[in-house]
Amino acid sequence: MSSWLGGLGSGLGQSLGQVGGSLSSFTGQISNFTKDMLLEGVEEVGDAATELQVSNSKLAEVEAAFVTQKSEYDRLRKLYAEQEEKLEAAEIQVKRQSAEYRSLLQQKDVEINHLKARQSGLQEEVQTLQQSAQSASVGPALLPVTTASSTTTSSSVSSFLSRPSGSHQGFHGEEIDLSDVIWSQQEINRLSTEVMRLEAEVAHWRRMSQASTAAGAGNGDQGEILKLQRTIKDLREEMSREVDEHQHELAALQDVQRQKMADITRRHREELAEYEERIEELEEQIQSGGGQATSSSDASRLPELHEIISSLQEAADQREKQLAELSARLEEAQTKQASLQLEKDEVQEENAGLLQNYTRLQASVAELQTRVQEQEGKSLQKAQLDHEIQVLRKNLADSEKEIQRLKSLAEAEPNEEVEHADILELNTIIGTLRQEKEVLEQEKLNLQDRLKTAEEQILGNNEATSGESETIEDLKVELERREKALKNTEEERDTLMSELEELDQQNQEATQHMISVKEQLSVQLKEAQTDLTRLTAELNTTKDQKRAMSQELETQKERISQSAFTLNDLHMGKQQLEGTVKELKDKLGHAQEQSREARREITELKKTLQEREEQLSVAKAELQVSGNRGTETQGTKEKLAGKERELSDLRREMDEVRSSQERVMSEDYELKIENKRLKAESEEALGKSEELIRQIKESQVALNRAVREKDTRIEALKLEKSQLEGELRQTEKTLAEQAKQYQQTIEELTRASSMDASALQMEHERAIKLNQEKDMEIAQLKRDIEQLASDHRDTNEMLSITVAGQKQLTDLLQEKDAFMETLKQNASDLQMEMENRLSVTTKEVETLRQALEEKDRQLGGMKEENSHLKEEIDRLRDQQSRPQSLAEPRTLDIITELETEITQLKSSKNGLEEEAQMLRRTMEEQQTSHHLSQQSLQAQQSELEQAHARHQQTTLNYDRLIQARDEEIFRLQQTVDRLSESRGRADSPPVQGEVILQEEKTQTLNQENGNEKHDLSKVEIEKLVKGIKEKETEISQLNEKNLSLTRQLDQLVVSRDEVGKLSQMILQKDLEIQALHARVSMGGGGGHSQDVMFLQQQLQAYAVEREQVLAVLNEKTRENSQLRSDYHRLMDIMAGKEAALLKLQQENQRLTNMSDPSGSQEMFKETIQNLSRIIREKDIEIDALTQKCQTLVTVLQTSGGEFGAGSGGVSSNQFEELLQERDTLKQQVKKMEEWKQQVITTVKNMQHESAQLQEELIKLQGQVSADSDCSSKLSVDYTRLIQSYELKERRLGSLSQELAQVQQTITQLSTTKEVLLGKLDSVTQTPEVTAPQSSGSSLTAPSLQTSPTINNEKLEKELAQLRSQLAERENMIKTIQENNHRLSNSASASESDQRIQAEEVRQVKERLEALQRSVREKDLLIKTKGDQLSQVSEALRNRENDNEVLKQAVTNLKERALILEMDVKKLKEENELVAARSREKESEFRALQETNMQVSLLLREKEFELSAVSEKAATVERMLKDKDQGKNSELNQLLNEIKAMQEKALAFQQERDQVMMALKQKQMETTAVQTELQHMRDKEQRLNLELERLRNHLLEVEESYTREAISAEDRETELRRRVALLDEKLASSSSAVENASQQASMQVESLQEQLSGVVKQRDEALAHLRTSQDQVNQYAVSLSNLQMVLEQFQQEEKAMYSAELEKHKKEKEEWRRKAERLEDQASALQINLDEANAALDSASRLTDQLDLKEEQLEELKKQVDVRQEMLEEAQRKLMNLLNSTEGKIDKVLMRNLFLGYFHTPKTKRADVLRLMGSVLGLSREDVDLMLEGDGRHGVTAWMSSWLGGRGAQSVPNTPQRPTSGQGFNSSFSEMFVKFLETESTPSLPAPKLPVLDIKPLSAPPLRRTNTAAPSKAAGAAAVSKRAGESNPFLAPRSAAVPLLAGSSSTSSGGHLLMKPISDALPTFTPVPVSAEASAGAVLKDLLKQ
């Protein structure tokens, strides 16, 4: 298969490569063709319309051919794509089906093995029971027999158990999934439990048999009865076996008959459907052909059709009759079968009843024989028994012969006659069985007679028997034992029933699984059909899109041609415009000269008229020429006519001449203007033409893009179509093959029904092997496909990465150079700092160690400190969050995580954190460059190494402690074992308890070790915290550099997958080891539950003793778990960063070692070999453990048996050996666990190594790919140079051809020129002759010119056009000549004639040049058309070749499809074989179920026998009791009744069991048959439909292919004809090429020179390549040198750091002191800075506001000057008022004072009165006297009587300040001052001064002084109070503000309250009065003012 698939893949690759090559050439030709088409459009001229039409028609034909071929190619590609998709779908279906069949097979194998194991176990149980019964006859040889039986059973069990293990080993040799291993493990566990249960049952039965034998050991004659019982059981088993075989044969025959019936019905239905279809077709033909055919044909056809219909109906009736007969036969056969089944069941029931009666009688005889030995002779009984045995043996032999005959008949004749023979044989068997029944009944009657006689003898001998009481007791004991046995058998029956139900459920699940699989397959089919329809729809849409695209292409081509035409027209117009511009320029020059001459001639006109006439003629001639040339020729002619008239007038009048001269001047001016306008128009036309050219180019580019995109889309669609077609064909073939294979499976199933069990087993093994081989092949193919896909992806990714990789490497080198320079500079600077730091850190380490020792002592008191420490943690977090807000978030997170650990070292940690923060601030301020991070990183690496060393030491300590704990556990186990031995209980201790203890002890160890870890980790943590930030910065930079290298790691998944598989294998082995341990524990604790209970009680006692210790340890774990988790997290972070650094270093080293990838591969291979060796060793150890388990099981069985037999008589040696084995196993388990851990570590190491090796491999591949890229680029450049050289050669050849043609045209034109000149000379003499001569010369010129291409029809047309043009031109020349003739007649001088002739010659030359231009352009058109034709012919040839290649590819694909179909057939055959085997397995499963049912029936019979025996024992006891009393008759009646009831119960139970068995069998058979029938019908219908559809499709494909081939041949013939025509035309044009070959030789020499230049360029490029390679090598060398230098530098740095650490420690102390000093300074500076900033802000605001205020002041000053005068007048008035009112007092003031008196408290009212007195002018002594005199009724009463109730009206609404804490305790003076302050504030809102916005420097920044709007002034006052003298803007009122608006010096008198306050003036805050100042002084001040 693999070789065939490889060949197929290589063939496919070759054919696809050919197709790709042809496609690339084809697309290249298409692109060339489009270029030529566009060039042709540019070069064409507007005249050649006919040529364009012809060429366009040809092009259209060629394009039509191209379109048809393209469509054909698309169709083939789509077909191919469809076929490929179908193939993939079919393969997927096959794979799914095979996987499902495999899973089914595995399930069936498992079920069969399970049932076989159960059957063998039950058979062994029966054998052991028989042997125990046999051993009852032999007394002394009791123990050896039991031991032997137990050993045999154990050996069988062990062999049964060893078989799956072996198969498992063999299975492990190959690749398996983890799920299979888990499943096998579960199966092993289940089987082990089953074995345990069976062993328990065997032990139970053994005990029962021993007890029964021990009871009846004295009886010697019971051995013969037991032998007879055994023979009867054997006969019964043989009978059941034969019946089972017969049932199997019947079931097989029924299956065959059902299949035949299903086939017949299916065929009948199919034939009916075909006939109906034919009838419908014929009816359609009749309907369709009724209108067309004649009546005679209709008449002839109708009876034929009627006959056909009648014959078909008859055939259908016959088929229906056959069907009815077959169904009737089926029903008869089923009824017969049912009757046979009933008869068989009845016979079986009778036989079972007889056998039970027989056994019952034998048992009763055996019991009574002991009492009747003396009366009856033994010889008679023996003879009778022998006779009975012989009779039974004869019957058995007869039945065996009949069974053999039946088998032979069944094998010879599998037809319906076999059933009749079977029925007859069954009838004979029934007859024989009835005879045997009658014989047995007679024997029963005889035995009953004997019983009666024996009972009579017993009644006679009752008096003589004295030992009856003992027998009664024995019988009671036996009864109890039998009851126990009955209970056990009932339990076993329940278990068997439950197992049967489980099996039924499994069977139902399997059927449901089959149904679900079938539904899934149908769903998949529907999905595939929907996909097909969708793909067809997509095909149609793509076809429509393609048509639309082709239409768009055509329209765009038309547009291009139109644009080309317009371009040509524009070019022509441009040339004409240029000519006109030139002519106008000449005209301008001439006109200027004429104007000058005219000015001169005006003066001379009076003298000479002739000169003027000559000048006028010259001017007229020039004007005529300009009129002929320019755009306004008609206007100039009119002007000439006007001038002729003017000439005639001039002769008459001089004035008119002057006026005409003036007109000429104006016309000259107008011509100039027109010239300018024409120039502008020409420029505009040029711009437009350039824009048009640009637009055309853009449209061409867009068209090219669109064409390319369309081509690529079309090609992709074609490929998809071809793939789909290939897949369709393959799926059709696969479906046909499936149909055949299903038919074969049906045939094989019919054959497989007669196969033996051994052959089935062989086939099953072979099928398993085949399945495994196929799975291996499929897995290999999948791997190959995945490898190919991954290789493809890898190559693409490598190509894309290598370019970026080189750039990154160069960048890296540059960065490393800069980095090295910076490192060298920074090394010297940082040595000192690091030494100082080292000294400081050593001191810190010592202090920390001391602190750690203290903390070790303080471990006991850790619980109490936890709460305090948590509070401190929160405080520390708050502290850290404030200063470190600017730091990076990652460092903050790490610090917050570490704080939980550092909390236990409070004092040292706080100090260190403060130091670290101070150092960070100073470092951030001072160290600006990057170098310090590098050095700190190196220091961190050394510290990390130290930490790792400490960590390793701690782990070693933990390992030692764990070993010590393990030893303690071992000692405890030994003590437990000794205690168990001392108590005499022989069993293994429970494993779970040990595990619990071990876990607890390991937990305690871990807790103790966690404390040590915590103590050690503190130092490491504090060291690690410092360098984390610096490390992160460096790692981020290096990660950015090496991102491209890390991306390549993702590609190497394959090797990691292999390592993963090996690790999975190791995990599987571990699982097996665990399972074996479980087996050991199960085997050890199997049947010794009592000892286990005892040991568990002991362990509980021990656990209670250790609970206190565990509680303490648990508390310690709770404390240390958080610390340990945080420590691990930090270690993980640091390990990740270390790993990143190590990776980067290794990558740098790997760049040097890129040259040898072989070493890494060898290392990888060695690692894989080591892993495989480890796995093999593990397998060997597992085998050894399994053997030990088996030996343990055998030992336990033997020990259990001996224990049950001897009841405690087991020797202590065996028990000691078991204990030793258990200990050794435990040690081995420990070793295995250690070894497993070692293996896991080695695997992890191997993974790391493999990852590194993969990275190296990736880098090497990158280098290789880079080199290959360089080489490919060079090769591409070389090919480009060669292509450019070839293009230049082609261009030179075309240029040479054009040169030759130009030279030819020049020679021809020169000859024509000479002829014309000669004729023009002769014109002057004979003007009549010139015209024909010139015409002849002009005719000869083109005739000479067109002589090379006379044969061409196109050229003839062109010649005709040229001749017509020449005739027109000749007519023009004739008219000109006539004009000249007139002028010559008119002109008198010969000079004027010569001038006119020269002008005419020049005009003729210009016309000739124009004609030559047109001829050249037409020649170029002809050449381009010829080139286009040649290219079209080449393209057609290429397309024909492509078609041939495609046809070959199609044939190859067909062949491959056939091969694939063959493979699919093989796979289907294999699937059918698998299905057949699965069905065979199902049949085996049914057979095993039936055997299970029979075994359960046997068990029930045994139960009934036991119950009968117990009842008999009870009846015997009753008989004995009644015998004493003398009730014989009642006893007999009771016995008879009991027997009858027992027989009825037995019969009923057997009937019930048989009915249940039959029902279950019927249900299973019917379900299986129904599912199979439905499955087969569905499959056949689907396959038939698929076959018909595929046939139709194939026919359609072949027809379409033939049609396309015929059309392609027709196209070929047409194209060949066209090519022949083109060849002829090419032959005609080859003569012109030969003329140009001479000039081409010259050009070849120049080209050779160019070639030499190109060769030089190539050599230079190669030299450049070599230099670049040398540079690459130099870079590599420099890289290696750099790495060496880096390593040396790192070593030097390490040495430097060790020296610098001490310096840094010293420096750290100094820095700490400096930092403390600087912090103090900084805090002071910060305060000053804040104050300064606040002052600056306020100053800036003040300056802004001051500017505004200055402006306002300037405005206000003017107002002030006005107001000053008013104020002076007011002051004068005030002075007068004051003089008049000096003795008066203000009413308002007195009212307020009076009201204030009543508002003050009573204690302070005296002050108010004093104040009133001072206001009124009274002295203080008088007021005091008045207060003292009127103390009781003084001023208050007087005031109240004086004022009455007016006080309440004038109370001012003075707001009270809420902050005043004094309340009513303040004095009246203070309240009065406050009142004055509130009253002095104005009602208008004061303008906001900048002072209010200024922050006081001592106040906190967040609070504003002016919080409330209405109390701004008060707030300002408060601010002034708080700030004191710090605010310079809040000065006292007297100093800051003058009261008067004038100058501060000239303050005139007058009270402030009396003065008018202007709105514009600023109102200032009131005066802040201190509380200490007396109120009187304040009032005095106010009054003075």
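So, how was this worked out
- The written sequence of each chain sets the order in which its residues are numbered from 1.
- Local features in this predicted model are restricted to residues whose pLDDT is 70 or higher, and side-chain atom pairs enter the listing and the counts only when it is 80 or higher, whereas totals over whole chains, interfaces and linings include all residues.
- Computation of side-chain values covers all heavy atoms of the structure but excludes hydrogens and water.
- The helix and strand labels rest on DSSP assignments: H or I over at least four residues marks a helix, E over at least two residues marks a strand, and numbering proceeds from the N terminus.
- Per-residue accessibility, obtained with a 1.4 Å probe over protein chains only, is compared with the maximum for each type, and a residue is labelled buried under 20%, exposed over 50%, and partly exposed between these values.
- Any two residues whose heavy atoms approach within 4.5 Å are treated as being in contact.
- Values of accessible area rely on a 1.4 Å probe in the Shrake-Rupley scheme; residue burial ignores everything except the protein chains shown.
- For this analysis, a salt bridge means a side-chain nitrogen from Lys or Arg found within 4 Å of a carboxyl oxygen belonging to Asp or Glu.
- For the purposes of this section, nonpolar cores are sets of buried Ala, Val, Leu, Ile, Met, Phe, Trp, Tyr and Cys residues that join through side-chain atoms within 4.5 Å.
- Put simply, a patch holds well-exposed residues, over 30% relative accessible area, that have no salt bridge, with like charges counted together within 9 Å and Val, Leu, Ile, Met, Phe, Trp or Tyr side chains within 5 Å.
- For helices, the axis comes from a line fit to the C-alpha atoms of the stretch in contact; other axes are also lines fit to C-alpha atoms, and the angle between any two N-to-C directions lies between 0 and 180 degrees.
- Orientation is classified from the angle alone, with under 35 degrees giving roughly parallel, over 145 giving roughly antiparallel, 65 to 115 giving roughly perpendicular, and any other angle giving oblique.
- Two helices cross in a left-handed way if the nearer one is turned anticlockwise from the farther one by less than a right angle. They cross in a right-handed way if the turn is clockwise.
- Residues were grouped as follows: Ala, Val, Leu, Ile, Met, Phe, Trp, Tyr, Cys and Pro as nonpolar; Asp, Glu, Lys and Arg as charged; and all remaining residues, including Gly, as polar.
- Under the convention used here, Asp and Glu are negative, Lys and Arg are positive, and both His and the chain ends fall outside the count.
- In this analysis, rings of Phe, Tyr and Trp, with Trp reduced to its six-membered ring, are considered paired at centre separations within 6.5 Å, and the interplanar angle assigns stacked below 30 degrees, edge-to-face beyond 60, and tilted for intermediate values.
- To locate a charge, the coordinates of NZ of Lys, CZ of Arg, CG of Asp or CD of Glu are taken.
- A helix is expected to span 1.5 Å for every residue after the first.
- Every residue carries a pLDDT, the predictor's confidence in it, which falls somewhere between 0 and 100.

Looking now at the overall build of the protein chain. When helices and strands are counted, the protein chain shows 36 helices and zero strands. Per-residue burial over the protein chain gives 36% buried out of 1985 residues. Taking the contacts inside the protein chain whose residues are at least 6 apart along the sequence as the reference set, 90% of them involve residues at least 24 apart. Here the protein chain displays about 116000 Å² of accessible surface, and carbon together with sulfur accounts for 54% of that area.

What follows is about the pattern of salt bridges. Summed over all chains, the structure comprises 53 salt bridges. Where R258 meets D255, a salt bridge forms, and the shortest distance between an N and an O atom there is 3.5 Å. Residue R258 and its partner D255 are located together in helix α5 (residues 222-290), separated by three residues, close to a single helical turn. A relative accessible area of 22% places R258 in the partly exposed class. In this structure D255 comes out as partly exposed when scored by relative accessible area, which is 29%. One salt bridge in this structure joins R547 and D544, with 3.2 Å as the shortest N-O distance. With R547 and D544 both in helix α9 (residues 468-605) and three residues apart, this pair spans about one turn of that helix. What makes R547 exposed here is its relative accessible area of 51%.

Bringing the nonpolar core into the picture now. Judged by nonpolar contacts, L1793, Y1797, V1808, L1809, L1811, M1812, V1823, L1827, F1868, F1872 and F1875 together constitute the single largest core of 11 residues. Those elements that provide at least two residues to this core are α28 (1787-1799), α29 (1805-1816), α30 (1820-1829) and α32 (1868-1880). Residue contributions to this core peak at four residues, all from α29. Core analysis: the next-biggest nonpolar cluster, separate from the first, contains eight residues, L1171, W1235, V1239 and V1243 among them.

Once that is clear, we can look at a nonpolar patch on the surface. On the surface, a cluster of nonpolar side chains totalling about 200 Å² of accessible area is made up of L178, I182 and L1071. One can find L178 in helix α4 (residues 178-215). Given the relative accessible area of 32%, L178 is considered partly exposed.

Attention shifts here to the packing of α28 against α29. Between α28 and α29, whose axes approach to 9 Å, the crossing angle comes to 165°. By the criterion of interaxial angle, the relationship of α28 to α29 is roughly antiparallel. Our pair here, α28 against α29, has a crossing hand that is left-handed. In this structure, α28 uses L1789, M1790, L1793, F1794, Y1797 and F1798 to contact α29, whose residues at the interface are R1805, V1808, L1809, L1811, M1812, V1815 and L1816. Residue classes in the contact of α28 with α29 are distributed as 12 nonpolar, no polar and one charged.

Looking at where D244 falls in the secondary structure, it is placed in helix α5. Buried and without a salt bridge, D244 has K344 as its closest oppositely charged side chain, separated by 6.7 Å. Contacts of D244, omitting those with residues within four sequence positions, involve T1491 and Q1494.

What follows concerns the packing of α29 against α30. Interhelical geometry of α29 versus α30 gives an angle of 140° and a closest axis separation of 9 Å. Between α29 and α30, the angle falls in the class oblique. Here the hand of the crossing between α29 and α30 comes out right-handed. Across the interface between the two elements, A1806, L1809, R1810 and G1813 from α29 touch V1823, D1824 and L1827 from α30. Classifying every residue of the contact of α29 with α30 by side-chain character gives four nonpolar, one polar and two charged.

Our next topic: the packing of aromatic side chains. Scanning the entire structure with this criterion turns up three aromatic pairs. An angle of 75° between the planes, with centres 4.8 Å apart, marks the rings of F1794 and F1798 as edge-to-face. Taken together, the positions of F1794 and F1798, both in helix α28 and four residues apart, correspond to about one turn of that helix. Assessed through its relative accessible area of 35%, F1798 is described here as partly exposed. Residues F1872 and F1875 carry aromatic rings whose centres are separated by 6.2 Å and whose planes lie at 35° to one another, so their mutual orientation is tilted. Of this pair, F1872 and F1875 both sit in helix α32, three residues apart, which is roughly one turn of the helix. The two residues F1872 and F1875 agree in class, both being buried. Here the aromatic cluster, defined as three or more aromatic residues joined through ring pairs, consists of F1794, Y1797 and F1798.

Bringing a negative patch on the surface into the picture now. A grouping of E274, E276, E277, E280, E281, E283, E284 and E1588 is seen on the molecular surface, where their side chains present a negatively charged patch. The leading source of residues in the negative patch is α5, at seven residues. Residue position: E280 is located in helix α5. Exposure remark for E280: the relative accessible area of 48% places this residue in the partly exposed category.

This part is about a positive patch on the surface. Judged by side-chain charge, K582, K585, K676, K679, R1413 and R1416 come together as a positively charged surface patch. Listed by contribution, the elements that provide at least two residues to the positive patch are α9, α12 (654-752) and α26 (1390-1525). Inspection of the secondary structure puts R1416 in helix α26.

When the terminal C-alpha atoms of α28 are compared, their 18 Å separation across 13 residues agrees well with the 18 Å that a helix rising 1.5 Å per residue should span. All of the buried residues along α28 are N1792, L1793, F1794, L1795, G1796 and Y1797.

So, about the confidence of the model for the protein chain. Of all residues in the protein chain, 75% have pLDDT values of 70 or greater, and the mean over the chain is 77. Throughout residues 41-46 the model reports pLDDT below 50, and contacts reaching past four residues in sequence, or to other chains, amount to 15 contacts. Segment residues 1843-1864 is flagged for pLDDT under 50; beyond a separation of four residues in sequence, or across chains, it makes 18 contacts in the model.

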